[in-house]
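Secondary and tertiary structure notes
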Amino acid sequence: MISRLVLASGNPGKLREFRALCEPLGITIEPQSAFHVSEADEPHHSFVENALAKARHASRATGLPALADDSGICVEALGGAPGVHSARYAEGAAPREEQDARNNARLVEALKGQANRRAHYTAVIVLVRRLDDVEPLIAEGRWYGEIIDTPRGQGGFGYDPYFYLPALGKTSAELAPEHKNRISHRGIAMARLVEMLRAKD
């Protein structure tokens, strides 16, 4: 089992979640920013291609096994948008928290008058053990819910305050972190990745 990974992201929310998921496995995970690695370009049209690009970029720069995810929210009434563009759905660059607020405002506006509020989060997690890994481990998770107009909850990040889970009567932002980590798109994908890692041992 791999004991040390670099996370191909500078997102503090993702780092918290991945550390919580990796810690029970005895895996130490550090952000690529700790190694002064810049963010990778994400020019592709699919989550898996972007995740692979980010993992290879981090592994190339650090010489370490690298873990990357590409994730986003896909809204049925919007034809799957914002999808891979979730992090920058609203135009213009801004600090992360401000960008989240702008993204959510644009999403709510785009759904004005829409009866269909179904949406799902998708996460694709990629692990490359080295830059030239010809068999990267790839795991996907999806988490189904609905988009609401008024934010609820203080936890999570991104679209979480607007992502409502009818079966629980809560938004993602209202869940305790350990609960979210078990049932979220990222938690589902990570559990599948762990199965793959154990099968490789």
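This report concerns the structure included in the present document. Bear in mind that the values here come from a model prediction, so they are computed numbers and not experimental data. Every chain begins its residue count from 1, and numbering advances along the sequence as written. For this predicted model, a pLDDT threshold of at least 70 governs which residues receive local features, and a threshold of 80 or more governs which side-chain atom pairs are given and counted, while totals over whole chains, interfaces and linings are taken from all residues. Hydrogens and water molecules were not included; the side-chain quantities draw on all heavy atoms of the structure.

As for the overall build of the chain
Helix and strand counts for the chain stand at five helices and seven strands. Working definition: helices are DSSP H or I runs of at least four residues, strands are E runs of at least two. Numbering for both runs from the N terminus. Taken from the N to the C terminus, the helices and strands of the chain come in the order β-α-β-α-β-α-β-β-β-β-α-α. C-alpha atoms define the radius of gyration in this analysis, and the globule rule sets the expected value at 2.2 Å times the number of residues to the power 0.38. In terms of overall dimensions, the chain is globule-like: its C-alpha atoms have a radius of gyration of 17 Å, near the 17 Å expected for 201 residues. Here the C-alpha coordinates of the chain stretch approximately 50 × 35 × 25 Å along the principal axes. In this description, contact between two residues means that some pair of their heavy atoms is separated by no more than 4.5 Å. When contacts within the chain are restricted to residue pairs at least 6 apart in sequence, those whose partners lie at least 24 apart make up 58%. About 10,000 Å² of surface is accessible on the chain, with carbon and sulfur atoms providing 50% of the total. As used throughout, the charge tally considers Lys and Arg to be positive and Asp and Glu to be negative, leaving His and the chain termini uncounted. We put the charge of a Lys on NZ, of an Arg on CZ, of an Asp on CG and of a Glu on CD. Computed over 25 positive and 26 negative side-chain charges, the inter-centroid distance for the chain is 1 Å. In these tables, accessible area is a Shrake-Rupley quantity obtained with a 1.4 Å probe, and a residue counts as shielded only by the protein chains included in the view.

A look at the packing of aromatic side chains
Pairs were defined over the aromatic rings of Phe, Tyr and Trp, the Trp ring being its six-membered one, requiring ring centres within 6.5 Å. Orientation was assigned from the angle between planes: stacked under 30 degrees, edge-to-face over 60, tilted for the rest. According to the stated counting rule, one finds three aromatic pairs in the structure shown. Taken together through their ring pairs, the aromatic side chains of Tyr 121, Trp 143 and Phe 163 make up a single cluster. Just above the ring of Tyr 89 sits the side chain of Arg 106; from NZ or CZ to the centre is 4.2 Å. Geometrically, a lysine NZ or arginine CZ counts as sitting over a ring once it is within 6 Å of the ring centre and also within 35 degrees of the ring normal.

Digging into the environment of Ser 9
Within the secondary structure, Ser 9 is located in the loop between strand E1 (4–7) and helix H1 (12–22). Residues Ser 9 and Arg 152 lie 143 residues apart in sequence; the distance between their C-alpha atoms is 26 Å. When neighbours within four sequence positions are excluded, Ser 9 is seen to be in contact with Lys 14, Pro 31, Gln 32 and Glu 39. Pairing of N or O atoms within 3.5 Å defines a polar contact, subject to two protein rules: one partner must be a possible hydrogen donor and the other a possible acceptor, and residues neighboring in sequence count only if both atoms are side-chain atoms. Only 2.9 Å separates the side chain of Ser 9 from the backbone nitrogen of Asn 11, close enough to count as a polar contact.

Points about the nonpolar core
In terms of nonpolar packing, the biggest core is built from 19 residues, with Phe 18, Leu 67, Leu 127, Met 190 and Leu 193 touching the most fellow members. Elements with a minimum of two residues in this core: E1, H1, strand E4 (118–128), strand E5 (137–147) and helix H5 (185–200). Take this core: its biggest share by element is five residues, from H5. The residues touching Met 190, leaving out its near neighbours within four places in the chain, are Phe 18, Leu 21, Cys 22 and Ile 125. Val 6, Ala 51, Ala 66 and Val 128 belong to the second-largest nonpolar core, a separate cluster that totals 14 residues. What we call a nonpolar core is a set of buried Ala, Val, Leu, Ile, Met, Phe, Trp, Tyr and Cys residues that are connected through their side-chain atoms within 4.5 Å. Any residue under 20% of the maximum accessible area for its type is buried, any over 50% is exposed, and the rest in between are partly exposed; the area is computed with a 1.4 Å probe on protein chains only.

Brief notes about the pairing of E4
Most of E4 is tucked away, with ten of its eleven residues classed as buried. Here, any two strands with at least 2 DSSP bridges between them count as paired. Where strand E3 (residues 66–75) lies against E4, ten bridges are found, and the strand directions are antiparallel. Among the inter-strand pairings, Leu 67 is bridged to a residue of E4, identified as Leu 127. Across ten bridges, E4 lies against E5 in antiparallel orientation. Its bridge partner lying in E5, Tyr 121 is registered against Trp 143.

Re H1
Taken as a whole, H1 has its buried residues at Gly 13, Lys 14, Leu 15, Glu 17, Phe 18, Leu 21 and Cys 22. Residue Asn 11 occupies the N-cap position of H1, its side-chain oxygen lying 3.1 Å from the main-chain nitrogen of Lys 14.

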